[in-house]
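Residue-level structure breakdown
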Amino acid sequence: MPTAPLRPPPARGLLVISPGVGQAHMDSLYRAACALSAVGVRRLLLREPALDAQQVRSLAARLLARYPRDGLLLHEKCAGAREAAGALGLGLHLSGSADWAAERRRTSGPLGVSAHSVNEVMLAAQMGLEWAFLSPVFQPTSKPLDTRPHLGETAIVSAQRACPTIVVHALGGIKPDNAASLTQAGVGGICVLGGVWKLNRDGSAEANTEAAKRYVGAIEDAMRLRGGLRFSIPHFARSRRPRHPVAKLGDAKGQPRGIGSVVGYLHGGKYQFGPVAATSADDFAASLAAGGRHVSWDSGEYQETWMRLNPNLARVRDRV
């Protein structure tokens, strides 16, 4: 009996790579990274070869107040990157020329790499690495003289489908519209450097927050459409008595519209299906029709009751 194909990893969204400031401008980088965080950027790779080890650790520690621990990475080109990553519990990113296998053997924390072909991504996945940057998709904004052939979007999507156990990140010349199409096609992450930074002649850095907003918005919209809506039973629904009654997805009076018979729990006037809150059956139907593939079903004592209450729920399950 053939086994079901593995699903791609959950989309991680936008990851911004720091621009490489001069040693005297660590504070400008910190301010710029905070500005990016304020407009919705949640993942940052520090690649700062000019800073010394103390500066790198200090900067990373300060940024943990702005970025989640699993969203802040250190590039091996940072001085003392391995020690700082271990001490602070951060992920470590390796260059393409590093000894990936040796690093995996001695590093127990999150580990990822820079790759330049689908074969290299497959190798990284076989080694048990967590992510891979695959580049260049297009002409890198930060490297206008780069003469390497462009991989294109199709190669990035193919790499993610071939390696579902690793989060593939598209890197190189990515614009917001590319970021959206790649995310919706199943690619795990989007890397941006030149698109959101301005590096001044004195070595200081500024964040282009308007550009960052466009990336964040485009990717979040694509993530809502990607994989359809995730249906999960809230924690309280797995207790003996659910706090809220089962309700049909429909208008404010509970009258179904569109496919309007999908069962959900009411959360402050919205029906919550994982990351997407649908206020109407039409919203749900539109998201499902836009390419929905994965609807998750939590095990629980009320699952079969829900199926009996609403046969269409089973039909939606069977459809995906």
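Structure: above.
Let us look at the structure shown here. (Residues numbered from 1 in each chain as written. Predicted model: local features only at pLDDT ≥ 70, side-chain atom pairs only at ≥ 80, totals over all residues. Heavy atoms only, no water.)

Glancing now at the overall build of the protein chain. A tally of regular secondary structure across the protein chain gives eleven helices and 15 strands. Within the span of the protein chain, comprising 320 residues, buried residues form 48% of the whole. Partitioning the intrachain contacts of the protein chain with sequence separation of at least 6 by distance along the chain shows that 61% fall at a separation of at least 24. Summed over its atoms, the accessible surface of the protein chain is roughly 15,600 Å², and 52% of this surface lies on carbon and sulfur atoms. (Helix = DSSP H or I, 4+ residues; strand = E, 2+ residues; numbered from the N terminus. Buried < 20%, exposed > 50% of the residue type's maximum accessible area, 1.4 Å probe, protein only. Contact = heavy atoms within 4.5 Å. Areas by Shrake-Rupley, 256 points an atom, 1.4 Å probe, with all protein chains shown as cover.)

Enumeration according to the criterion identifies zero aromatic pairs in this entry. If you follow Arg 62 out to its NZ or CZ, it ends over the ring of Tyr 30, 3.9 Å from the centre. (Phe/Tyr/Trp six-rings, centres within 6.5 Å; stacked < 30°, edge-to-face > 60°. Lys NZ or Arg CZ within 6 Å of the ring centre and 35° of its normal.)

Taken together, eight strands build a closed barrel; the order of strands is β1-β2-β3-β4-β5-β6-β7-β8 and the barrel is parallel. Strand-to-strand twist across the sheet, computed as the mean angle between neighbouring axes with direction ignored, equals 25°. Strand contacts of helix α3 (residues 81–88): β3 (72–75) and β4 (91–94), with the helix running at about 155° to β4, the strand carrying the most contacts. (Pairing = 2+ DSSP bridges. Axes fitted to C-alpha atoms, helices over the stretch in contact; angles between N-to-C directions.)

All right, on to the packing of helix α2 (residues 53–63) against α3 then. Between α2 and α3, the least distance of the axes is 9 Å, while the angle of their chain directions is 30°. Judged by the angle between their axes, α2 and α3 are roughly parallel. In this structure, the crossing between α2 and α3 has a hand that is right-handed. Facing Arg 57, Ala 60 and Ala 61 of α2, the residues of α3 in contact are Glu 83, Ala 84, Ala 87 and Leu 88. Taken together, the residues that form the contact of α2 with α3 break down as five nonpolar, no polar and two charged. (Parallel < 35°, antiparallel > 145°, perpendicular 65-115°, else oblique. Left-handed = near helix turned anticlockwise from the far one by under 90°. Nonpolar A, V, L, I, M, F, W, Y, C, P; charged D, E, K, R; others polar.)

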